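Structural description and commentary
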Amino acid sequence: MSFFERDDVQTTSRPCKSCRKTTRSHILQKALYEEYVTEVVIDSSDEFANKQWEETEEIIKMRKAKEAVVVCHICWLKRRKEVQNIIEKDYKKWEKNPLAHISRIHVVAEVCNTYDFDTESNKMGSLISKLKESTIQ
Ligand SMILES: [Zn+2]
């Protein structure tokens, strides 16, 4: 069975991924749910009957399969600074020859997306479209 996110459930506070302080400032990954089949008794004999019987029905229920991954604002800012430093240092190099740095570009882009760093995400996005162009040619 596959996991899915739920928009109708609020993320509860969890320990920060980095410092373990309880937070829900930044959600890196929402909790994942799965469906499962269970049986419920929909009808049964009354307890004094000579012959006991039970009628059941299969129903589909949902349960949380994986807790959300959250990070506090302090750790989020710290991570952002790290990513900004990396981009500042390497962006020109990546831009010149994105194919040579393809895995690094994807890793940094992934971090930007996960942490929701918009400016940095856009920058990495333009590198990735460059990459796509160069792999097509
Ligand atoms: Zn933290």
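Residues numbered from 1 in each chain as written. Predicted model: local features only at pLDDT ≥ 70, side-chain atom pairs only at ≥ 80, totals over all residues.

Thoughts on the overall build of the protein
So the rule is basically this: Counting from the N terminus, the helices are the DSSP runs of H or I reaching at least four residues and the strands are the DSSP runs of E reaching at least two. With the radius of gyration taken over C-alpha atoms, the globule rule is written as 2.2 Å times the number of residues to the power 0.38. Counting other C-beta atoms within 10 Å of a residue's own tells you its class, since 20 or more makes it buried, 12 or fewer makes it exposed, and anything in between is partly exposed; those C-beta atoms are placed from the backbone.
Secondary structure assignment for the protein yields 3 helices and 6 strands. Counting helices and strands in the order they occur from the N terminus, the protein gives β-β-β-β-β-β-α-α-α. A compact globule built from 137 residues would reach a C-alpha radius of gyration of about 14 Å, whereas the protein, at 24 Å, exceeds it by more than 25%. Referenced to the eigenvectors of the C-alpha coordinate spread, the extents of the protein come out at roughly 85 × 40 × 20 Å. Across the 137 residues that make up the protein, the buried fraction comes to 13%.

A look at the domain arrangement of the protein
The condition is simple: Segmentation into domains, and thus their bounds, comes from an automatic or database assignment. The contact criterion used is a C-beta to C-beta distance within 7 Å, with each C-beta placed from the backbone. Asp, Glu, Lys and Arg are counted as charged, while Ala, Val, Leu, Ile, Met, Phe, Trp, Tyr, Cys and Pro are counted as nonpolar; the rest, among them Gly, fall into the polar class.
Assigned domains of the protein: these are domain 1 (14–71) and domain 2 (73–136). On a C-alpha basis, the centres of domain 1 and domain 2 stand 38 Å from each other. Contact residues are listed per partner, giving 7 residues for domain 1 and 6 residues for domain 2. Partitioned by chemical class, the residues of the side of domain 1 that touches domain 2 number 4 nonpolar, 3 polar and no charged.

Description of the environment of Lys 89
For Lys 89, the location among the structural elements is in helix H1 (residues 73–96). Spatially, the C-alpha atoms of Lys 89 and Thr 38 are 55 Å apart, while their sequence positions differ by 51 residues.

Some words on unusual backbone geometry
Even without being a glycine, Arg 20 presents a positive backbone phi close to 70°. By secondary structure assignment, the location of Arg 20 is in the loop between strand E1 (14–15) and strand E2 (22–23).

Side note on the packing of H1 against helix H2 (residues 102–115)
Rule in force here: Under this scheme, a helix contributes an axis fitted over its contacting stretch, all axes are lines through C-alpha atoms, and angles between N-to-C directions fall in the 0 to 180 degree range. Handedness of a helix crossing follows the sense of rotation of the near helix relative to the far helix, less than a right angle counterclockwise being left-handed and clockwise being right-handed.
Viewed as axis vectors pointing N to C, H1 and H2 meet at an angle of 145°, and their least axial separation amounts to 11 Å. Between H1 and H2 lies a crossing whose hand is left-handed. Across the interface between the two elements, Trp 76, Arg 79, Arg 80, Val 83, Ile 86 and Trp 94 of H1 pack against Ile 105, Val 108, Val 111, Cys 112 and Tyr 115 of H2. The class makeup of the residues in the contact of H1 with H2 is 9 nonpolar, no polar and 2 charged.

Examining H1
Short version of the rule: For a helix, the expected span equals 1.5 Å multiplied by the residue count minus one. By definition, a residue's bend is the angle between the axes fitted to the seven residues ending there and the seven starting there.
An ideal rise of 1.5 Å per residue puts 34 Å on 24 residues; H1 measures up with 34 Å between its terminal C-alpha atoms. Where H1 bends most, the angle comes to about 55°, and this point is Asp 90. Those residues of H1 not exposed but buried are Cys 75, Trp 76, Arg 79 and Trp 94.

Here we look at the nonpolar core
This is how the line gets drawn: Any nonpolar core is a set of buried residues, restricted to Ala, Val, Leu, Ile, Met, Phe, Trp, Tyr and Cys, that join up through C-beta atoms within 7 Å.
Among the nonpolar cores identified, the biggest contains 7 residues, and these are Trp 94, Ile 105, Val 108, Cys 112, Phe 117, Met 124 and Leu 127. Broken down by secondary-structure element, the contributors of at least two residues to this core are H2 and helix H3 (118–136). Counting residues per element, this core draws most heavily on H2, which supplies 3 residues. Not counting the four nearest positions on each side in its chain, Phe 117 is found in contact with Arg 80, Val 83 and Cys 112. Among the nonpolar cores identified, the runner-up in size contains 6 residues, and Cys 16, Val 71, Cys 72 and Cys 75 belong to it.

So, H2
Its 14 residues place the ends of H2 20 Å apart at the C-alpha level, agreeing with the 20 Å of an ideal helix rising 1.5 Å per residue. Positive backbone phi, approximately 65°, marks Asp 116, located one or two places after H2.

What to know about the environment of Ala 109
Within the secondary structure, Ala 109 is located in helix H2. In the structure, Ala 109 is positioned 60 residues away from Ala 49 in sequence and 67 Å away in space, judged by C-alpha atoms.

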